[in-house]
There are 2 protein chains.
Amino acid sequence: MNLEPMLAPRSVAVIGASNNPDKVGHVILQNYIDAGYEGKLFPVNKNAERIGNLESFKSVLDIGEDIDLAVIAIPAPLVPQVMEECGKAKVKTVIVVSGGFAEIGETALEEKIARIAIKHKMALVGPNCLGVMNPRSRVDTLFLPTYKLGRPTVGGVSFMAQSGAVGSTILDLISSEGFGLSKFISYGNAAYADEVDILEYLIADKDTKVIVMYLEGIKRPKEFLELARRAAKAKPIVVLKAGKTAEGAAAAHSHTAALSGNYETHMALFRQFGFTIADDLSDLLYYAKILASESAAATGNRVAVITNGGGAGVLAADAVASTSNLKLAEFSAETVKALKKTMPILSSMRNPLDLAGDANYAIYGNAIDILQKDKNVDMFIIVALFQTPGADDRLANELVRYKNSIGKPMIAISIGAAYTQSHKTMMESAGLPVYDSPSSAAKALSELLKYSEYKRRRR
Amino acid sequence: MNLEPMLAPRSVAVIGASNNPDKVGHVILQNYIDAGYEGKLFPVNKNAERIGNLESFKSVLDIGEDIDLAVIAIPAPLVPQVMEECGKAKVKTVIVVSGGFAEIGETALEEKIARIAIKHKMALVGPNCLGVMNPRSRVDTLFLPTYKLGRPTVGGVSFMAQSGAVGSTILDLISSEGFGLSKFISYGNAAYADEVDILEYLIADKDTKVIVMYLEGIKRPKEFLELARRAAKAKPIVVLKAGKTAEGAAAAHSHTAALSGNYETHMALFRQFGFTIADDLSDLLYYAKILASESAAATGNRVAVITNGGGAGVLAADAVASTSNLKLAEFSAETVKALKKTMPILSSMRNPLDLAGDANYAIYGNAIDILQKDKNVDMFIIVALFQTPGADDRLANELVRYKNSIGKPMIAISIGAAYTQSHKTMMESAGLPVYDSPSSAAKALSELLKYSEYKRRRR
């Protein structure tokens, strides 16, 4: 199934476009305009001559130009006829955002639109979905206004989900993270395009560096597992699967009519295939950001912790030692000697290296200069608490500079409100992943190491 | 040890106050002024006649008025003499923020200041600490400027920590939460006032509804455990203890010269004493906010989940079923019948109750009206995703209204960026705890139930 015309269309028809701002079709059209979409845009509405400043058409059949994508936002019972018209008009791809299909028992209606798509060789995403977003080509079929749901910048992380609500929530969260989005695909009931088609597309997509997926059910388990087996060789895959418990599995079935299968069996296979397993929504972001930013593969499991807060260093040591595969590095004798020459008197020369509360960018720089030469250190966690007197813009800049030159995995922990958040965003936009708790940081490094080891085994 | 004059002083001397804005003593004095402290403020500096607009004194002995609190921010070797002067001047309480004592091996110097405090019957907090904050009496000895570290509003949660960095980080985080602060005490090396004295004070403090503590070591384990045994009967206690792993315990020792003791033994006792155990910094906030806001005790473990996002409902079901003590409620036949009459056609009438993406405040209201009558429901998780079309200020208001009338524990899950955050803050300020992930919400309800059961057993 060729999804490229859907994600980078030269022309888009919005069927159900409307002058009424309460209509989904209005919001979708407006979002295309707001996003600065540069292709051709055709509103389709049986009853309107114009929608906003654009000429409107009674049917896609009246447009008379090639249509790469038709976004359909009309009541479910009217969808089959409109899809037939799309087929006749040689529309390449279709997104049905409307609900009212299998999720409320209307399986016959859903099968009908799938058959129409297959007959006309149209790629179909949906129904009952949010659709797609691609900030590079300024494609945005979401029917949620931008003030409610932030739109991410261009980046390397792609996200796929059946669930529109989980999808929109993740998208909103990504919008306040520095790492940016490649593709977003919310595919709802998956009447035609399903996990297999979408994963296949994202594996092939050169702008996608990391694939993040939220799964409820898997429609074609055999094909999906066959594809999954080789997927993580191409790029990191982070997965959150709902239906971990019997209660969750029952709820997932009621939500998307999806059979969620045996959770543990799936997880065991996913692990074997090199997938990174998330336990919660927040994990998806924690893992995506380290996998997207980390150019250096992890070559060992010994972590150096540098901190300007003693207690935070202790918690980071606990968090590192609590993972299944990381440990605290033991500094070499040369390192300790060099540290003693350079470091403030209050510091102990042990790992975690406590630079004390008044450490500034220069003291951090000295410490990293020394530790990056230590062969006992494989990875860095830099605790930078911006509440302290010495931590400011210069520290954020210095850490980003080291991140880009150090040649070993490096992440930061910065926890706090407004002042901290602004520095976090700055560091993340420049490629340094920042975590808001010791345990999330340690978990992320642990998963990076697992993926690095998977890649080494598969080389 | 009477800490009341320290937390609600009628007069404060700042020893080491300075006109130089880079000095800690300058920041402390300025923070008192900025906070609008209404008691008497006396800068003490050997070399200055005036500090800002205030008359300055060469020594506390020159002030000639009752001093409730002296905050000492001068180099460590000078502290003993100044403390002797405080003793002679009948100063009631002293905070030594200066470092340079036991944490760098200067134990004799630390013992010396402890002896001086004991001799003169002065309460002493520190050395090597941030000091205290009490937004009610506008006491703020922190030497971190307000633009770097937000100051919380007045509330019912008190926080105690040895570590200044962990303390300031938590304080900064609390500043962006709605629940507010009662007392903050960072006690550093605990030369005199230690865990026992501070916990005792907070148990007796009528403005403190919930006590949150970050512990590295415990100085007097026997006395502490004796006190801890009866502490949670008085009010909920949330504890995060560092040194869970051997690596963390070693780092804690190096940080505050604290012997952290056996982590598992302590945790087993704390659990038995009814403490709420946090595993990470973020847990401290998650648990504090539910324990501070929840007027209704949990009387059972059956949770109803209401959601405007199907996927988020599924994840909430998984999260509830993954706790050790909660389960999803099964709606009664009357409930299902009533829901069928009222709910939108797209909803399933099961738990989690999916109101679909366009649910507005009125639909939520109908659902809660029906479910609150169901005897099979003990607690409520309301998933309110503000990215969706129907969720707005009216929904936030409606949920707060129900929270204050429903008579059963109720929390919300709202996940997202700016628009969501503003609604979260509004709901939390009005007493409805809001969580940013299904698992943190379920963990919080689970801990509330454990505490309610502990209280019932102890009645």
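None of the values given here were measured: they were computed from a predicted structure.

Enquirer: Sorry, what's going on with unusual backbone geometry here?
Expert: With glycine set apart, most residues show a phi of negative sign, and most peptide bonds adopt trans. Following Gly126(A), the chain continues into Pro127(A) via a peptide bond in cis, with omega recorded as -5°. Positioned with a positive phi, Arg138(B) is a non-glycine residue whose angle comes to about 55°. Within the secondary structure, Arg138(B) sits in the loop between β8 (131–134) and β9 (139–140). Relative accessible area serves as the criterion here: at 39%, Arg138(B) is assigned to the partly exposed category.

Enquirer: Hey, could you run me through the domain arrangement of chain A in this one?
Expert: Accessible area lost when the parts come together is the quantity often used to give the size of an interface. Residues and elements named next belong to chain A. Assigned domains within chain A: domain 1 (4–291) and domain 2 (296–457). On a C-alpha basis, the centres of domain 1 and domain 2 stand 38 Å from each other. The interface of domain 1 with domain 2 comprises 18 residues on the first partner and 17 residues on the second. Interface area, domain 1 with domain 2, both sides summed: about 1500 Å², of which 55% is carbon and sulfur. By the criterion of area lost to domain 2, the three top residues of domain 1 are Tyr 286, Lys 289 and Ile 290, representing 38% of everything that side buries. The tally of links between domain 1 and domain 2 comes to three salt bridges. The partner of Glu 428 in a salt bridge is Lys 289, and the shortest N-O contact between them spans 2.7 Å. Connecting domain 1 to domain 2 are nine residue pairs in polar contact (both at pLDDT 80 or more). Residue assignment for the side of domain 1 that touches domain 2 shows that the elements contributing at least two residues are α7 (221–234), β14 (276–278) and α10 (281–293). By residue number, the principal contributor to the side of domain 1 that touches domain 2 is α10, which donates six residues. Counted by class, the side of domain 1 that touches domain 2 contains eight nonpolar, four polar and six charged residues.

Enquirer: Would you take a moment to explain the relation of the copies chain B and chain A for this structure?
Expert: The two chain copies are related to each other by a rotation about an axis together with a translation along it. With an RMSD of 0.0 Å, chain B superimposes on chain A once it is rotated by 180° and translated 0.0 Å along the axis. Expressed as a symmetry operation, the mapping of one chain copy onto the other fits a two-fold axis. The overlap is high: 100% of the interface residues of chain B also sit at the interface in chain A, so the same surface is used on both sides.

Enquirer: How should the sheet that holds strand β9 (residues 139–140) of chain A be read in this particular structure?
Expert: Note on sheets: strands pair through backbone hydrogen bonds, and any given pair is parallel or antiparallel. Residues and elements named next belong to chain A. The sheet built from seven strands is open, its strands ordered β9-β8-β11-β10-β12-β13-β14 with mixed pairing. Each having just a single partner strand, β9 and β14 make up the two edges of the open sheet. Sheet topology note: the strand β8 (residues 131–134)/β9 ladder contains two bridges and is antiparallel. Bridge pairing links Met 133 to Asp 140 in β9. Strands in contact with helix α5 (residues 164–175) are β8, β10 (154–161), β11 (181–186) and β12 (210–215); relative to β11, the strand with the most contacts, it is inclined by about 165°.

Enquirer: Help me out: how do you make sense of the interface of chain B and chain A in this one?
Expert: With 67 residues of chain B at the contact, the number on the chain A side is 68 residues. If you look at where chain B meets chain A, you find 23 residue pairs in polar contact (both at pLDDT 80 or more). Those elements giving two or more residues to the side of chain B that touches chain A turn out to be α5 (164–175), α8 (246–256), α10 (281–293), α11 (310–322), α15 (418–429) and α16 (438–458) of chain B. The greatest single-element share of the side of chain B that touches chain A, amounting to nine residues, is contributed by α11(B). A class-by-class count of the residues in the side of chain B that touches chain A yields 32 nonpolar, 24 polar and eleven charged.

Enquirer: Where do I start with the pattern of salt bridges in this structure?
Expert: Pairing between side chains of opposite charge can happen when their charged atoms approach one another. All names here are of chain B. Inspection of the entire model under this criterion finds 48 salt bridges over all chains. Between Glu 177 and Lys 289 there is a salt bridge, and its shortest N-O distance comes to 3.1 Å. In this pair, Glu 177 sits in the loop between α5 and β11 (181–186) while Lys 289 sits in helix α10, placing the two residues 112 residues apart along the sequence. Note on Lys 289: relative accessible area 4%, which makes it buried.

Enquirer: Looking at this model, I keep getting lost on the packing of aromatic side chains. Mind explaining?
Expert: Where two aromatic rings form a pair, the distance of their centres and the angle of their planes describe that pair. Applying the stated criterion across every chain yields a total of 18 aromatic pairs over all chains. Geometrically, the ring pair formed by Tyr451(B) and Tyr454(B) is stacked, given 6.0 Å between the ring centres and 25° between the ring planes. Here Tyr451(B) pairs with Tyr454(B), and both are found in helix α16, just three residues apart, close to one helical turn. The pair formed by Tyr451(B) and Tyr454(B) is uniform in burial state, with each residue classed as buried. Of note, Lys289(A) hangs over the ring of Tyr435(A), and the distance from its end group to the ring centre comes to 5.0 Å. Sitting over the ring of Tyr402(A), Arg401(A) keeps its end group 4.9 Å from the ring centre.

Enquirer: Sorry if this is basic, but what is going on with the environment of Lys450(A) here?
Expert: Residues and elements named next belong to chain A. Inspection of the secondary structure assignment puts Lys 450 in helix α16 (residues 438–457). Under the relative-accessibility criterion, Lys 450 is labelled partly exposed at 37%. Separated by 152 residues in sequence, Lys 450 and Ala 298 place their C-alpha atoms 8.6 Å apart.

Enquirer: Sorry, what's going on with a positive patch on the surface here?
Expert: Residues and elements named next belong to chain A. On the surface, a cluster of positive charge is contributed by Arg 230, Lys 233, Arg 457 and Arg 458. Tracing the sequence through the fold places Arg 230 in helix α7. By relative accessible area, Arg 230 is classed as partly exposed at 46%.

Enquirer: Please explain the packing of α10(B) against α16(B) as it appears in this structure.
Expert: The description of two packed helices rests on the angle between their axes and on the distance between the axes. Residues and elements named next belong to chain B. Put simply, α10 and α16 touch, their axes get as near as 9 Å, and they point 55° apart. Relative to α16, α10 is oriented oblique. In the packing of α10 onto α16, the handedness of the crossing is right-handed. In this structure, α10 uses Asp 283, Tyr 286, Tyr 287, Ile 290 and Leu 291 to contact α16, whose residues at the interface are Ser 440, Lys 443, Ala 444, Leu 445, Glu 447, Leu 448 and Tyr 451. For the contact of α10 with α16, the residue count by class is eight nonpolar, one polar and three charged.

Enquirer: Looking at this model, I keep getting lost on the pairing of strand β18 (residues 379–383) of chain B. Mind explaining?
Expert: For a regular strand, side-chain orientation follows a simple rule: the groups alternate between the two sheet faces. Residues and elements named next belong to chain B. For β18, the tally of buried residues reaches five of five residues, placing the bulk of the element in the interior. Judged by which residues are buried, β18 turns out to be covered on both faces: Met 379, Ile 381 and Val 383 on one side and Phe 380 and Ile 382 on the other are all buried. As judged from the four bridges shared by β18 and strand β19 (residues 410–413), these two strands associate in the parallel manner. Residue Val 383 lies in a different strand from β19, and its bridge partner there is Ile 413. Handedness of the crossover joining β18 and β19 through helix α14 (residues 393–403) is recorded here as right-handed.

Enquirer: Help me understand the sheet that holds β8(B) in this model?
Expert: All names here are of chain B. The mixed open sheet is built from seven strands, whose spatial order is β9-β8-β11-β10-β12-β13-β14. The open sheet has two edge strands, β9 and β14 (276–278), and neither has a second partner. As judged from the five bridges shared by strand β10 (residues 154–161) and strand β12 (residues 210–215), these two strands associate in the parallel manner. The residue of β12 that forms the bridge with Ser 158 is Ile 211. Here α5 sits on the sheet and contacts β8, β10, β11 and β12; the angle it forms with β11, its principal contact strand, is near 165°.

Enquirer: Can you help me understand the nonpolar core in this one?
Expert: The nonpolar side chains of a soluble globular protein tend to be buried, and buried together. The biggest cluster of nonpolar side chains holds 231 residues, and the ones touching the most others in it are Phe275(A) and Phe275(B). Setting aside residues up to four positions removed in sequence, Phe275(A) forms contacts with Met213(A), Ala228(A), Ala231(A), Ala232(A), Ile237(A), Val239(A) and Phe270(A).

Enquirer: Is there a simple way to think about the state of the cysteines in this case?
Expert: As used in these notes, a disulfide is a covalent bond between sulfur atoms, one from each of two cysteines. One pass over the structure, following the stated rule, counts zero disulfides over all chains. No disulfide involves Cys129(A); its sulfur sits 14 Å from the nearest other cysteine sulfur, which is in Cys86(A).

Enquirer: Help me out: how do you make sense of helix α14 (residues 393–403) of chain A in this one?
Expert: The α-helix advances 3.6 residues per turn, and as a result positions three or four apart in sequence lie on the same side. Three or more residues of α14(A) are buried, namely Leu395(A), Ala396(A), Glu398(A), Leu399(A), Val400(A), Tyr402(A) and Lys403(A). Looking at the buried side of α14(A), the elements it contacts are α10, α13 (361–371), β18 (379–383), β19 (410–413) and α15 (418–429) of chain A.

Enquirer: Any chance you could explain the environment of Asp68(A) here in plain terms?
Expert: Residue and element names in this part refer to chain A. Tracing the backbone through its elements, the reader meets Asp 68 in the loop between β4 (54–55) and β5 (69–72). Through-space distance from the C-alpha of Asp 68 to that of Ala 8 is 8.6 Å; in sequence the pair is 60 residues apart. Aside from chain neighbours lying at most four places away, what touches Asp 68 is Pro 5, Ala 8, Pro 9, Arg 10, Ser 11, Lys 92 and Thr 93. Of note is the side chain of Asp 68, whose polar atom sits 2.8 Å from the backbone nitrogen of Arg 10. Polar contacts involving the side chain of Asp 68 include one to the side chain of Lys 92, which spans 3.0 Å.

Enquirer: I tried to follow the side chain of Arg151(A) on my own but got confused; where do I start?
Expert: Residues and elements named next belong to chain A. As for its placement among the helices and strands, Arg 151 is situated in the loop between β9 and β10. Overall, the relative accessible area of 19% leaves Arg 151 in the buried class. Looking at Arg 151, its side chain comes within polar contact range of the side chain of Asp 140, at 2.7 Å. Here Leu 149 takes part through its backbone oxygen, which lies 2.9 Å from a polar atom of the side chain of Arg 151. Aside from chain neighbours lying at most four places away, what touches Arg 151 is Asn 31, Met 133, Asp 140, Leu 142, Leu 144, Pro 145, Thr 146 and Ser 175.

The rules behind these values
- Residues numbered from 1 in each chain as written.
- Chains lettered and ligands numbered in written order.
- Predicted model: local features only at pLDDT ≥ 70, side-chain atom pairs only at ≥ 80, totals over all residues.
- Heavy atoms only, no water.
- Helix = DSSP H or I, 4+ residues; strand = E, 2+ residues; numbered from the N terminus.
- Buried < 20%, exposed > 50% of the residue type's maximum accessible area, 1.4 Å probe, protein only.
- Domains from an automatic or database assignment.
- Contact = heavy atoms within 4.5 Å.
- Buried area = accessible area lost by both parts, 1.4 Å probe.
- Salt bridge = Lys/Arg side-chain N within 4 Å of Asp/Glu carboxyl O.
- Polar contact = N/O pair within 3.5 Å; in protein donor to acceptor, adjacent residues only side chain to side chain.
- Nonpolar A, V, L, I, M, F, W, Y, C, P; charged D, E, K, R; others polar.
- Least-squares fit on C-alpha atoms with pLDDT ≥ 70 in both.
- Pairing = 2+ DSSP bridges.
- Axes fitted to C-alpha atoms, helices over the stretch in contact; angles between N-to-C directions.
- Phe/Tyr/Trp six-rings, centres within 6.5 Å; stacked < 30°, edge-to-face > 60°.
- Lys NZ or Arg CZ within 6 Å of the ring centre and 35° of its normal.
- Patch = residues over 30% accessible without salt bridge, like charges linked within 9 Å, V, L, I, M, F, W, Y side chains within 5 Å.
- Areas by Shrake-Rupley, 256 points an atom, 1.4 Å probe, with all protein chains shown as cover.
- Lys, Arg positive; Asp, Glu negative; His and termini not counted.
- Charge placed at Lys NZ, Arg CZ, Asp CG, Glu CD.
- Parallel < 35°, antiparallel > 145°, perpendicular 65-115°, else oblique.
- Left-handed = near helix turned anticlockwise from the far one by under 90°.
- Right-handed = clockwise from strand over helix to strand, strands pointing away.
- Core = buried A, V, L, I, M, F, W, Y, C linked by side-chain atoms within 4.5 Å.
- Disulfide = S-S within 2.5 Å.

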